[in-house]
Amino acid sequence: MQVEVSGLCKSFYRQTVLNKVSFTILSGSVVCLLGPNGSGKTTILKILSSIASIGSGKVSINGKEIFPGDPSSRKFSLYIGHNASLYPSLSALENLFFISGLYGLNASVDKIDEHLRFLSLDNHRDKQIKFYSQGMLQRLKLAVADLIPSPVLYLDEPLNALDQEGANLFNDLIIEWKKVNRTMLIATHNIDWVLGVADRIITLKNGQIDLDLDLKVMSKEDAGNLITGSG
Amino acid sequence: MGNLIWKELINEWRSREMVVSMFIFGLAVTLVFAFAFNVSPVLFRQFAPGLLWVVILFTSVLGLNRLFSYEGDMDAHWSWISAPIDRGLVFLSKLLVGFIFLSMAELLFIVPFFLFLNLDVSFSILFFLGILILGNSAIISIGCLISGLALRANMREVLIPVLLFPLASPVVIAATKSTVFIFENKPFGEWRIWILILFTFLLTSALLGYLFYDQIVEE
Amino acid sequence: MSFLALRVNKIHFLLAAFLSGINIFLILTIAPQNQLQPDFGNIFYIHVPVAWTAFIGYLLVMIFSILFLWKQGQTWDHFALASAEAGTMFMFLVLITGPIWAKPAWGHFWVWEPRLTTSLVLFLIFLGYFMLREFGGNPEQVSRYAAVLGIIAFLDVPLIFLSVKLWLPELQSHPQVGQYFENTGIMPVLMINYSFLSLLVVISFMIRFRVHNLKKRETHNII
């Protein structure tokens, strides 16, 4: 599904965080957001997933404008945040049950097990997630993203705390998700990784779009040089 | 909705924080009252309804604080804020669960309350339970609304009681009055109006909470 | 540009000042007195209109809050905050003048009379309202929180009033007010009181509104 953002502005504590940000993500493409801390990456993802209200501007998914307070406008997207966004006192299994219920799926134990096994969490599925390590939480979040088949996926720093094996699993997942035409918007710091998976890279600076690079028409080296050059 | 309630119940079952802390707090306040109002049993009987509702109001603040603050751990509330559900339902589930927890804690400390204050039970238990249910739900419904408002405040612990006590004053008056009438075994017709006030309050605050919760939770 | 540089504000200000002079003169001289409440009872001419304007201030808070939630304009939020401030200032005057009147009339400074009690409860709720505004978190969100609270607060008024009234039924609601309306010459004086105090509430509202607007402009310029 195509995501369109036009003229998005947002302020927090009377500070401008986003200033007239506009871009369009084509259906099924992987777009990465790069930028220093506080450049507005997380805010964009939170607005797109209706966690934060739209200051001014317009956001639409598949041509349909999303409004705060309209549950149907949250139907197509899933947000996997910087924090786990899961309940610490619930086990992995219960958390996944809960999330799948929120999206009206009511997944069976077998199905959840399958997703947990893929990320090798099945041995810990009945443990309360407050006892999880950061890396395990990160994997659990990927399991959530895998379990909920939303056409649009927003990921905030998915690589944080992932070990090499976890990162490989994540890359496999991205390939799987691209096959089913999932649209992805990923905020991260890791330039090398981004150059490997992205179809397009958007860099942010002080709440505005700095660079917008389409990796289909330019080489990875050029893009990498441009990004590091503008720093 | 069932999903949301189930989540709250499991969370509480794992920690038992709310019910236990509310119960112990209620017990402690009862003890302080017993010391502070060391008067004749006859007078105590007249004070008792008021004291009871003060204890309930105080303990509810404790529970409300916890009921909402644990959502912020790991940003857990973002899961349902971004999900395609009617966020008003989250308010209603909080209301229901908060009511259940408060009532559980209350059932535990109400026996010591009667024992410590030497109150004899010569009134209609059924009416008494009824007024407890109604009063609790009215307090919790306005309390959930206020806790939602104070969710991101850095002075939440102070803001909740500061806003709750004056806003809930009709509930305290109505519940206390009805309890007085129940203790005196007066016919229902004499105090019907108080029940009406409690119902109106409950319905208005639950409705407002359901309607406004959407606006409240978004950042 | 200062507040008084605008002509409409200047006229408004002068009119209010002029009326306040007339008002005090009227109350102290020709306002009809009540047989049962000599001299001290004349505070009626301030207390009652002040109470009315305070309640109207809080009614405006609710109306502007609804408009804010509905239309999402920041001006509505400033309107709501300014009326809350003006209303609370007047509510404070109610709570000052009430006891001054109650002491000679009833013998106590504080009587749990329904109107006075409702005023007190509302006043406390609005102190909480300002705390929420100050400490509630990010200002964009707090505007929404405050709007919701402004609506709840006013909807709570009838219930508070009713329950306080039934709570102590032996306390009549303001017998003194009724006594005044037995006088025939009361209306003209009361009308002047009302118009003066309405002007005062409007002018304090406008000053506060301007302050909020300037504050906003200032913070935006810094960034």
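Residues numbered from 1 in each chain as written. Chains lettered and ligands numbered in written order. Predicted model: local features only at pLDDT ≥ 70, side-chain atom pairs only at ≥ 80, totals over all residues.

### Some words on the overall build of chain A
Of the regular secondary structure elements, chain A holds seven helices and 10 strands. Along the longest, intermediate and shortest principal axes, the C-alpha atoms of chain A span 45 × 40 × 35 Å. A total of 231 residues make up chain A; the buried ones form 42% of that total. Taking the intrachain contacts of chain A between residues at least 6 apart in sequence as the baseline, contacts between residues at least 24 apart amount to 68%. (Helix = DSSP H or I, 4+ residues; strand = E, 2+ residues; numbered from the N terminus. Buried ≥ 20, exposed ≤ 12 C-beta atoms within 10 Å, placed from the backbone. Contact = placed C-beta atoms within 7 Å.)

### Thoughts on the sheet that holds strand S6 (residues 77-80) of chain A
Residue and element names in this part refer to chain A. In spatial order, the strands read S6-S7-S8-S3-S9-S10; together these six strands make up an open sheet with mixed pairing. With partners counted over all chains shown, the strands left at the sheet margins are S6 and strand S10 (208-214), one partner each. Adjacent strand axes in the sheet meet at a mean angle of 15° when their direction is disregarded. Across six bridges, strand S9 (residues 200-205) lies against S10 in antiparallel orientation. From the neighbouring strand, Thr-203 faces S10, where its bridge partner is Leu-211. Sitting on the sheet, helix H4 (residues 134-147) is in contact with S6 and strand S7 (152-156), with an inclination near 175° to S6. (Pairing = 2+ DSSP bridges. Axes fitted to C-alpha atoms, helices over the stretch in contact; angles between N-to-C directions.)

### Focus: the pairing of strand S8 (residues 183-187) of chain A
Residue and element names in this part refer to chain A. Of all the five residues making up S8, five are buried; the element is thus mostly covered by neighbouring parts of the structure. Residues of S8 alternate between two faces, with Thr-183, Leu-185 and Ala-187 on one and Met-184 and Ile-186 on the opposite face, all of them buried. By the bridge criterion, four bridges tie strand S3 (residues 30-34) to S8 in an arrangement that is parallel. The partner of Leu-33 across the bridge, within S8, is Ala-187. Note: S7 against S8, five bridges, orientation parallel. The partner of Tyr-154 across the bridge, within S8, is Leu-185. You can see the chain leave S7, run along helix H5 (residues 164-179) and come back into S8, and the turn it takes is right-handed. (Right-handed = clockwise from strand over helix to strand, strands pointing away.)

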